[in-house]
Amino acid sequence: MTTVSFHLEESRIVGFDVKGHSGYAEAGGDIVCAAVTSAVRLVECSLNDVLGLGAAVKVDEEAAKISFHLPGGLSASADSTCQTLLTGLMVYLAELHGEFPDNITVLEV
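Report on the accompanying structure.

About the cut-offs
Residues numbered from 1 in each chain as written. Predicted model: local features only at pLDDT ≥ 70, side-chain atom pairs only at ≥ 80, totals over all residues. Heavy atoms only, no water. Helix = DSSP H or I, 4+ residues; strand = E, 2+ residues; numbered from the N terminus. Rg over C-alpha atoms; globule rule 2.2 N^0.38 Å. Buried < 20%, exposed > 50% of the residue type's maximum accessible area, 1.4 Å probe, protein only. Areas by Shrake-Rupley, 256 points an atom, 1.4 Å probe, with all protein chains shown as cover. Lys, Arg positive; Asp, Glu negative; His and termini not counted. Charge placed at Lys NZ, Arg CZ, Asp CG, Glu CD. Axes fitted to C-alpha atoms, helices over the stretch in contact; angles between N-to-C directions. Parallel < 35°, antiparallel > 145°, perpendicular 65-115°, else oblique. Contact = heavy atoms within 4.5 Å. Nonpolar A, V, L, I, M, F, W, Y, C, P; charged D, E, K, R; others polar.

Section: the overall build of the chain
Stage number 1. Regarding its fold elements, the chain presents two helices and five strands.
Stage number 2. Secondary structure of the chain in N-to-C order comes out as β-β-α-β-β-α-β.
Stage number 3. Since a compact globule built from 109 residues should have a radius of gyration of about 13 Å, the 14 Å found for the chain is in line with a globular shape.
Stage number 4. On the principal axes, the C-alpha backbone points of the chain span a range of 40 × 25 × 20 Å.
Stage number 5. By residue count, 37% of the 109 residues in the chain fall in the buried class.
Stage number 6. Of the roughly 6,300 Å² of accessible surface on the chain, 54% is carried by carbon and sulfur atoms.
Stage number 7. In the chain, 5 positive and 15 negative side-chain charges are present, and the distance between their average locations comes to 8 Å.

This is the structure we're talking about:
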């Protein structure tokens, strides 16, 4: 199962961790894993490559883990954009959980 844990400070999302394989299908044919990976990469690229925010990203392929954490000191505008994208990611992944409850879980920690 894939577990996505969103890290909150008060009402702000400050990062997330994605761990594990969904187990929906074999590698290369796992649509749940592909959906999660694609969504995470879109948010990371939007924040780091398009907006240039420098969020910390760690990928451990052997452990099947991705960690993402926002940098401190963001402007109000940048933080608002981050919150919109991260909230959208959380909603998307929660909906994916609704479709594939045996393969993905989403937590707020």
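Digging into the packing of helix α1 (residues 31-50) against helix α2 (residues 76-99)
Stage number 1. Where α1 meets α2, the closest approach of the two axes is 10 Å, and the angle between their N-to-C directions is 175°. It follows from the interaxial angle that α1 and α2 lie roughly antiparallel. Touching Val32, Ala35, Val36, Ala39, Val40, Val43, Ser46 and Leu47 of α1 are Cys82, Leu85, Leu86, Leu89, Tyr92, Leu93 and Leu96, all from α2.
Stage number 2. Here the contact of α1 with α2 is built from residues that sort into 14 nonpolar, one polar and no charged.

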